[in-house]
Amino acid sequence: MKILVVDDNFVNLKVAQGFISPYKADITLASSGFEAIDYIKSGEKYDIIFMDHMMPQMDGIETTQLIREMGTEYTSNVPIIALTANAIKGVEEMFIESGLNDFIAKPLEIKRLGTIMHRWIPKDKQLKSLSSSRNSEPVQDSAKQSDAEIIISGADTEKAARILGSSEALLEILNVIYTDGLKKIPRIRELLEHKDYKNYTIEVHALKSVAAGICADALSEHAKKHEFAGKEGNYAYIDSDAEALLMEYSQLLENILPYVQLPEKAEEGQLAPPLAHRDYIARLEQLITHIDAFEADEAADLIDMLIKTKLPEGDFRKLHDIKNYLDDFMYEEAKACTSEMLYR
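Procedures and definitions
Residues numbered from 1 in each chain as written. Predicted model: local features only at pLDDT ≥ 70, side-chain atom pairs only at ≥ 80, totals over all residues. Heavy atoms only, no water. Patch = residues over 30% accessible without salt bridge, like charges linked within 9 Å, V, L, I, M, F, W, Y side chains within 5 Å. Areas by Shrake-Rupley, 256 points an atom, 1.4 Å probe, with all protein chains shown as cover. Salt bridge = Lys/Arg side-chain N within 4 Å of Asp/Glu carboxyl O. Lys, Arg positive; Asp, Glu negative; His and termini not counted. Charge placed at Lys NZ, Arg CZ, Asp CG, Glu CD. Helix = DSSP H or I, 4+ residues; strand = E, 2+ residues; numbered from the N terminus. Buried < 20%, exposed > 50% of the residue type's maximum accessible area, 1.4 Å probe, protein only. Expected span 1.5 Å × (residues − 1). Contact = heavy atoms within 4.5 Å. Pairing = 2+ DSSP bridges. Axes fitted to C-alpha atoms, helices over the stretch in contact; angles between N-to-C directions.

### Re a negative patch on the surface
Right, on to step 1. On the surface, E295, D297, E298 and D301 cluster together into a patch of negative charge.
Right, on to step 2. As for its placement among the helices and strands, E295 is situated in the loop between α13 (277-292) and α14 (296-306).
Right, on to step 3. Judged by relative accessible area, which is 31%, E295 ranks as partly exposed.

So this is what it looks like as structure tokens:
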């Protein structure tokens, strides 16, 4: 069984992958409608496609229509299921008229996913053992008992663990939300600076869904207000309140941080002695030089060298964040984080 999931938000992709993985399917993740089209054109044939509704540049409806217009028997009939955080009255008719077959609301729920899978996956590919995935309360109960220690202000982690199915799934999603959030906040600020309210609305729509996925209801509702302000053209509200929204988002990331699993740090005895303060400063200045020259590989090598030494408190995590920024070519953010270490 082959499944394609299309969503521009990495957190949503990982959440969907986690929900679908018990079905033992071959899961492909696409971060845009363009990428999904490329997979289809390459000859890949999926048994079902989960398609996010709101995506930048080309949304889920446009992507679906392009797939249908390919005109083959497969592209005309493959089940395409909308993923939407706006499950309001009339949305099902809109999706069906646009060429989609069904929809599932975000945040995802195990029972609803089971219903969709049962309805649209070919009967000969459905696994009998997975009928239990539609009624998984025993798994959720065990998750509830094991998640008492996961306490995050602003999120109902006990409820989130029940929805996700296990404490392990919750912790994995928290890692993704934190890492992705470090990149999303600068992205949202950039959109605000350029008055790009169209893409700002798409980003806060995604934030609404991400926050709801871990039952951070206050942040989700706050993001929803900004989404609707964007759709209604109420840009004055966005400009006046965006900083409050970003502060709330940043605070959630800070609250998640204690549960983020960084790459394993070497044991104390395996670390090289700390660099002299003057030498450490010189390395950080060298790191900024590499970043300014867009030399991501050289910067990453320098970071790898530094994390093998005994570092000042908190710098291991900061260097890890800088490396994440470099992986996504976010040089300004990487430089800002390095400068913060250099000039503290």
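### Quick notes on helix α16 (residues 331-342)
Right, on to step 1. The terminal C-alpha atoms of α16 lie 16 Å apart, and with 12 residues this matches the ideal 16 Å at 1.5 Å per residue to within 8%.
Right, on to step 2. All of the buried residues in α16 are Y331, A334, C337, T338, S339, M341 and L342.
Right, on to step 3. For α16, the secondary structure elements touched by its buried residues are α13, α14 and α15 (315-327).

### Concerning the environment of A299
Right, on to step 1. Within the fold, A299 resides in helix α14.
Right, on to step 2. Sequence-distant contacts of A299, defined by excluding residues within four places in its chain, comprise L287, H290 and L326.

### Some details on the sheet that holds strand β5 (residues 102-105)
Right, on to step 1. Read across the open sheet, the 5 strands follow the order β2-β1-β3-β4-β5; overall the sheet is parallel. The two strands at the open ends of the sheet, each matched to only one other strand, are β2 (26-30) and β5. Averaged over all pairs of adjacent strands, the angle between strand axes in this sheet comes to 20°, irrespective of strand direction.
Right, on to step 2. Two elements, strand β3 (residues 48-52) and strand β4 (residues 80-84), share 4 bridges in a ladder whose sense is parallel. Along β4, the bridge assignment pairs D52 with L83.
Right, on to step 3. Where helix α2 (residues 33-41) meets the sheet, its contacts fall on β1 (2-6), β2 and β3, and the angle it forms with β2 comes to roughly 135°.

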